[in-house]
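Fold and contact review
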Amino acid sequence: GAGVSQSPSNKVTEKGKDVELRCDPISGHTALYWYRQRLGQGLEFLIYFQGNSAPDKSGLPSDRFSAERTGESVSTLTIQRTQQEDSAVYLCASSLDTGVYGYTFGSGTRLTVV
Amino acid sequence: DQQVKQNSPSLSVQEGRISILNCDYTNSMFDYFLWYKKYPAEGPTFLISISSIKDKNEDGRFTVFLNKSAKHLSLHIVPSQPGDSAVYFCAAMWGAQKLVFGQGTRLTINP
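Residues numbered from 1 in each chain as written. Chains lettered and ligands numbered in written order. Predicted model: local features only at pLDDT ≥ 70, side-chain atom pairs only at ≥ 80, totals over all residues. Heavy atoms only, no water.

Let's talk about the overall build of chain A
This is how it is decided: Secondary structure elements are taken from DSSP: a helix is a run of H or I of four residues or more, a strand is a run of E of two residues or more, and numbering for both begins at the N terminus. We compute the radius of gyration over the C-alpha atoms and compare it with the globule rule, which gives 2.2 Å times the number of residues raised to the power 0.38. Only protein chains enter the accessibility calculation, which uses a 1.4 Å probe. A residue is then buried if its area is under 20% of the maximum for its type, exposed if over 50%, and partly exposed in between.
Check the secondary structure of chain A and you find zero helices and 11 strands. Taking 114 residues into account, the globule formula puts the C-alpha radius of gyration at 13 Å, and chain A, at 13 Å, falls close to it. Taken along its principal axes, the extent of the C-alpha atoms in chain A is 35 × 25 × 25 Å. Going through the 114 residues of chain A one by one, you find that 50% of them count as buried.

Description of the pattern of salt bridges
All names here are of chain A. To keep it simple, the criterion reads: Salt bridges are identified by distance alone: a Lys or Arg side-chain nitrogen within 4 Å of an Asp or Glu carboxyl oxygen.
Counted by the stated rule, this structure contains eight salt bridges over all chains. The partner of Asp86 in a salt bridge is Arg64, with the nearest N and O atoms 2.8 Å apart. With a gap of 22 residues between them, Asp86 in the loop between strand 8 (75–79) and strand 9 (88–95) and Arg64 in the loop between strand 6 (53–56) and strand 7 (65–69) connect regions that are remote in the sequence. Accessibility classification places Asp86 together with Arg64 in one group, the buried group. Overlapping salt bridges bring together Arg36, Arg38 and Glu44 as one network.

Here's the deal with the layout of surface pockets
Picture a little ball the size of a water molecule; that probe, rolled over the atoms, points out where space is still empty. Counted only if it meets this: Only protein atoms enter the 1 Å grid, on which a cavity is a set of points fitting a 1.4 Å probe that cannot get out and a pocket is an open set with protein on both sides within 12 Å along at least 5 of 7 lines, lining residues being those with an atom within 4 Å of a point. Grid points are joined across faces, edges and corners, and a volume is the space filled by probe spheres set on the points. Charged residues are taken to be Asp, Glu, Lys and Arg, nonpolar residues to be Ala, Val, Leu, Ile, Met, Phe, Trp, Tyr, Cys and Pro, and polar residues to be all remaining types, Gly included.
Counted as a void, the largest pocket has a volume near 650 Å³. In terms of lining, the largest pocket is formed by 30 residues, of which the most central are A:Gln37, A:Leu39, A:Gly40, B:Lys38 and B:Arg106. When residues of the lining of the largest pocket are assigned to their parent elements, the largest contribution, four residues, is made by strand 11 (residues 109–113) of chain A. Residues that form the lining of the largest pocket fall into these classes: 11 nonpolar, 14 polar and five charged. Estimates place the volume of the second largest pocket at around 410 Å³. Lining the second largest pocket are 17 residues, and of these A:Leu43, A:Glu44, A:Phe45, B:Gln2 and B:Phe101 sit closest to its centre. In terms of residue count, strand 5 (residues 43–50) of chain A provides more of the lining of the second largest pocket than any other element does, three residues in total. By residue class, the composition of the lining of the second largest pocket is seven nonpolar, six polar and four charged.

Topic: unusual backbone geometry
Residues A:Ser7 and A:Pro8 are joined by a peptide bond in cis, for which omega reads -10°. Following the sequence through the fold, A:Pro8 ends up in the loop between strand 1 (5–7) and strand 2 (10–13). A positive phi angle, near 45°, is found at A:Arg81, a position not held by glycine. Summarising the element assignment, A:Arg81 is placed in the loop between strand 8 and strand 9. A:Arg81 gets classed as partly exposed once you look at its relative accessible area, which sits at 41%. Positive phi is not limited to glycine here, since B:Ala41 has a value of about 65°. In this fold, B:Ala41 is placed in the loop between strand 4 (32–38) and strand 5 (45–51).

Digging into the interface of chain B and chain A
Condition: It only takes one pair of heavy atoms within 4.5 Å for two residues to be counted as in contact. Accessible-area loss on putting two parts together, using a 1.4 Å probe and summing over both, is the definition of buried area adopted here. Polar contacts, as used here, are pairs of N or O atoms within 3.5 Å; protein pairs need one atom able to donate a hydrogen and one able to accept it. Residues neighboring in sequence count only if both atoms are side-chain atoms.
In this complex, chain B contributes 18 residues to the contact, which on the side of chain A involves 19 residues. Area buried by chain B at its contact with chain A is led by B:Pro44, B:Lys98 and B:Phe101, which between them contribute 33% of it. The tally of links from chain B across to chain A stands at one salt bridge. B:Lys98 is the salt-bridge partner of A:Asp56, the closest N and O atoms lying 2.9 Å from each other. Here chain B and chain A share four residue pairs in polar contact (both at pLDDT 80 or more) between them.

Quick notes on the sheet that holds strand 7 (residues 62–67) of chain B
In plain terms, the rule: Between any two strands, pairing holds if DSSP finds at least two bridges.
Read across the open sheet, the five strands follow the order 1-3-8-7-6 (chain B); overall the sheet is antiparallel. Of all strands in the sheet, those with a lone pairing partner are strand 1 (4–5) and strand 6 (56–59) of chain B, marking the two edges.

Next comes the structure, spelled out in structure tokens:
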């Protein structure tokens with residue numbers, strides 16, 4: 001596609017439920033990144049993929065968070081047993097390769113845990 | 001451990017004047033720096049970048065300056081326009097790995 005597509009754009013869930021967030025990167029982009037932005041804060045790195053392997057998962061806050069990627073295509077970020085502190089905008093980005101090309105970000109998924 | 005810091009949460013500038021956004025970093029291994037711009041309900045968009053081997057990069061109204069000895073970079077926008085009102089994020093990387101972002105500065109351009 002022309003850009004990075006994320007779905008859903010908004011998600012309201014009850015505390016304790018699982019959620020799945022989806023990211024469709026730009027075709028041909030081998031690197032894919034997940035970040036989150038909590039209210040009033042900066043972008044917090046979660047995980048990145050090179051192809052379908054994840055060389056750096058250091059930003060995942062807890063074992064309730066997991067992510068996978070199918071080949072060089074779609075990625076899903078799963079949050080199990082959601083907590084209120086998980087409320088944030090989850091941003092996905094892709095790039096041609098890890099490196100200095102800069103990322104192209106999607107518009108994000110706004111997750112609200114009530 | 002905040003490796004990239006933007007100490008000014010907000011900045012207000014009159015239209016036509018210069019906007020200067022600042023960023024400090026602590027990791028001397030960073031070898032590439034980028035600025036992103038973000039409008040509400042949109043993802044950040046790439047604005048301009050600079051390699052650590054340079055001290056200045058210019059693109060139209062936007063110029064980024066890098067002072068490695070001070071571990072400081074700045075983004076200059078001149079002249080500032082109303083459409084420049086957005087949140088600006090400074091980001092850094094090393095070894096072609098992930099980008100580390102600052103907290104952002106909200107720039108408001110007043111007519």
